[in-house]
Amino acid sequence: MIYDVIIIGAGASGLFLGANLKGKKVAILEKNSSAGKKILASGGGRCNITNRFISAKNYLGEQKFIEQILKVLTPNQVLKFFSELKFSEQKQNQFFCDSGAKSVLSVLLKRQNADIFYNKEVLGAKKVDEIFEILTKDEKFRARNLVIASGGLSYKTLGASDIGYKIANNFGIETSTLAPALVGFSVQKDEFWFKELSGVRLNADVEINSHKFSGDLLFTHRGISGPAILNASLFWQKGRIYINFLPKFNKKSLINGKKQLSSVLPLPKRFVLEFLKNFGLKDRAFYEFNDNDRQIIKRLFAYEFAPAGTFGFERAEVTKGGVKSEFLDENLQAYNVKGLYFVGEVLDITGMLGGYNLHFAFASALKVARVLNL
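About the thresholds
- The written sequence of each chain sets the order in which its residues are numbered from 1.
- Owing to the predicted nature of the model, reporting of local features is limited to residues with pLDDT of at least 70; listing and counting of side-chain atom pairs is limited to 80 or more, with chain, interface and lining totals taken over all residues.
- The side-chain values count all of the structure's non-hydrogen atoms but skip hydrogen atoms and water molecules.
- The criterion for strand pairing is that DSSP finds at least two bridges linking the strands in question.
- Starting at the N terminus, helices and strands are each numbered in turn, a helix being any DSSP run of H or I of at least four residues and a strand any DSSP run of E of at least two.
- Each axis is a line fitted through C-alpha atoms, and for a helix only the stretch in contact is used; angles between axes span 0 to 180 degrees, taken between their N-to-C directions.
- The definition of a nonpolar core used throughout is a set of buried Ala, Val, Leu, Ile, Met, Phe, Trp, Tyr and Cys residues joined through side-chain atoms within 4.5 Å.
- Each residue is assigned to one of three classes by its accessible area relative to the maximum for its type, calculated with a 1.4 Å probe on protein chains only: buried under 20%, partly exposed between the two thresholds, exposed over 50%.
- Between rings of Phe, Tyr and Trp, where Trp is taken as its six-membered ring, a pair exists when centres lie within 6.5 Å; planes separated by under 30 degrees are stacked, by over 60 edge-to-face, and by other angles tilted.
- Think of it as a cone above the ring: NZ of Lys or CZ of Arg counts as a charge over the ring if it is within 6 Å of the ring centre and within 35 degrees of the ring normal.
- Geometric relationships in this document are graded by angle, where less than 35 degrees denotes roughly parallel, more than 145 denotes roughly antiparallel, 65 to 115 denotes roughly perpendicular, and other angles denote oblique.
- The contact criterion used throughout is that any non-hydrogen atoms of two residues lie within 4.5 Å.
- Here the term charged refers only to Asp, Glu, Lys and Arg, the term nonpolar to Ala, Val, Leu, Ile, Met, Phe, Trp, Tyr, Cys and Pro, and the term polar to all other amino acids, Gly among them.
- Criterion for a disulfide: a pair of cysteine sulfur atoms at a distance within 2.5 Å.
- Within this scheme a cavity is a closed region of a 1 Å grid, computed over the protein atoms alone, that accommodates a 1.4 Å probe without allowing it to escape, whereas a pocket is open but has protein on both sides within 12 Å along at least five of seven lines; lining residues each have an atom within 4 Å of a point.
- Grid points are joined across faces, edges and corners, and a volume is the space filled by probe spheres set on the points.

Details of the sheet that holds strand β6 (residues 94-97)
Here's step 1: The sheet built from three strands is open, its strands ordered β3-β6-β5 with antiparallel pairing. The sheet is open, and its two borders are formed by β3 (48-51) and β5 (87-90), each paired with just one other strand. Adjacent strand axes in the sheet meet at a mean angle of 30°, parallel and antiparallel pairs treated alike.
Here's step 2: The sheet contact formed by β3 and β6 spans three bridges and is antiparallel. Following the sheet pairing, threonine 50 is matched in β6 by phenylalanine 95.

If you want it as structure tokens, here you go:
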């Protein structure tokens, strides 16, 4: 049998595409024994499906290319597609599913116009005349159009795969360097005191390469994480980052204080004590410190350090890098291979934390669905 469309990957983009194709013979090949594992993990299991404010500025990648993909799908259209579910708009304008990620996945599965084949790990694909031949471990599938929706390398435990990049490269389509993104930072020796604070959470401003993020910061036994850091990781390759641990605190309040520093600063006491201990200082009133010590304390407003690296793909929410957009036309079809399309995380486009990556998965899928439905 020759399918009209074969989609590799039953994640967010593959399932949304399968649900939006009409009157076609469609198959989805999924290497796992079930669909949408990453959807189930999204938003802490509550699935932050989109964001009220979607713009190309929320993404790393070729801005004009991203803009014209986002044009096909508004946040309201996403909510309308899932209208049988209830969503609540919460922190940073994200929409979370009231009944959890499982219900989002079940709507996607219920709306399928595709046959899903599970435990089908794709080994490769080639084009013979006008037909794509897709090879799995135990059989060969054939189709007139092939859509790669295989995702990135993040969350290996959820069955991540590099097959999308391999297929692209085999067809002469270049991929940019792959790196973990939306991920915590491991630290060098000077910041080992961070590890002593494992479990401590606070609000901070993080700045990296002129990008600034505000939000929660979480110390872990490996280094530093939390939403503000995850977003910053998108723009980090190597080099220094800056943290203001006291974004809403007026420096002047320090000077007149008679109380110990740990009582004056709006920070977890454990954090203040560990910071002081790291620099060999005792907890006392600000006026009791000498000038050198005061300069150290002022570093809390602009703490500068170079991470050792990231927590890696195992802990990363997404993969930065991927299939280069200059090899694709505005409909996400390869310039050099008619009928070959790429959608979702496999592309060299990465969104910030907050529903942006799921929204892009849906938008890129819809872009391709519109072409294939013609």
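Considerations on the nonpolar core
For soluble globular proteins, nonpolar side chains are generally found buried alongside one another.
Here's step 1: Core analysis: the biggest nonpolar cluster contains 129 residues, and Phe82 and Phe271 have the highest contact counts within it.
Here's step 2: Tallying contributions element by element places helix α12 (residues 356-372) first for this core, with 11 residues.

With respect to helix α1 (residues 12-20)
Here's step 1: Taken across its nine residues, α1 has nine buried, putting it largely inside the fold.
Here's step 2: If you check which residues of α1 are buried, you get Ala12, Ser13, Gly14, Leu15, Phe16, Leu17, Gly18, Ala19 and Asn20.

Some remarks on the packing of aromatic side chains
Here's step 1: Counting across every chain of the model gives 26 aromatic pairs.
Here's step 2: The interplanar angle of 80° and the centroid separation of 5.4 Å between the aromatic rings of phenylalanine 194 and phenylalanine 305 together place this pair among those described as edge-to-face. You can see phenylalanine 194 sitting in the loop between β12 (185-186) and β13 (201-208) and its partner phenylalanine 305 sitting in strand β17 (residues 303-305), a full 111 residues away along the chain.
Here's step 3: What makes phenylalanine 194 buried here is its relative accessible area of 0%.
Here's step 4: Members of the aromatic cluster, each reached through a chain of ring pairs, are Trp193, Phe194, Phe219, Phe245, Phe271, Phe275, Phe279, Tyr303 and Phe305.
Here's step 5: A cation sits over an aromatic face here: arginine 46 above phenylalanine 96, 4.2 Å from the ring centre.

Side note on the packing of helix α3 (residues 63-70) against α12
Angle between the axes and distance between the axes: these two values describe a pair of packed helices.
Here's step 1: Remark: α3 packs on α12, axes separated minimally by 8 Å, with the N-to-C direction vectors making an angle of 75°. Taken together, the axis directions place α3 and α12 in an arrangement best described as roughly perpendicular. Facing Gln68, Ile69 and Leu70 of α3, the residues of α12 in contact are His359, Phe360, Ala363, Ser364 and Lys367.
Here's step 2: Broken down by class, the residue content of the contact of α3 with α12 amounts to four nonpolar, three polar and one charged.

Side note on the state of the cysteines
Each disulfide consists of one covalent bond between the sulfur atoms belonging to two cysteines.
Here's step 1: Counted by the stated rule, this structure contains zero disulfides.
Here's step 2: In this model cysteine 47 remains outside any disulfide bridge; the closest cysteine sulfur is found in cysteine 97, 6.7 Å from its own.
Here's step 3: Since its relative accessible area comes to 2%, cysteine 97 is described here as buried.

Side note on the layout of surface pockets
Here's step 1: By volume, the second largest pocket amounts to about 280 Å³.
Here's step 2: Around the second largest pocket sit 16 residues that line it, and Leu60, Thr177, Ala179, Gln237 and Lys320 are the ones nearest its centre.

Overview of unusual backbone geometry
Here's step 1: Within the chain, aspartate 129 stands out as a residue other than glycine whose phi angle is a positive 55°.
Here's step 2: Position of aspartate 129 among the secondary structure elements: in the loop between β8 (122-128) and β9 (131-136).
Here's step 3: Take aspartate 129: its relative accessible area is 69%, and that puts it in the exposed class.
Here's step 4: Despite not being glycine, asparagine 209 shows a phi value in the positive range, around 45°.
Here's step 5: The topology assignment puts asparagine 209 in the loop between β13 and β14 (211-220).

Purely spatial values, then, with no claim about function.
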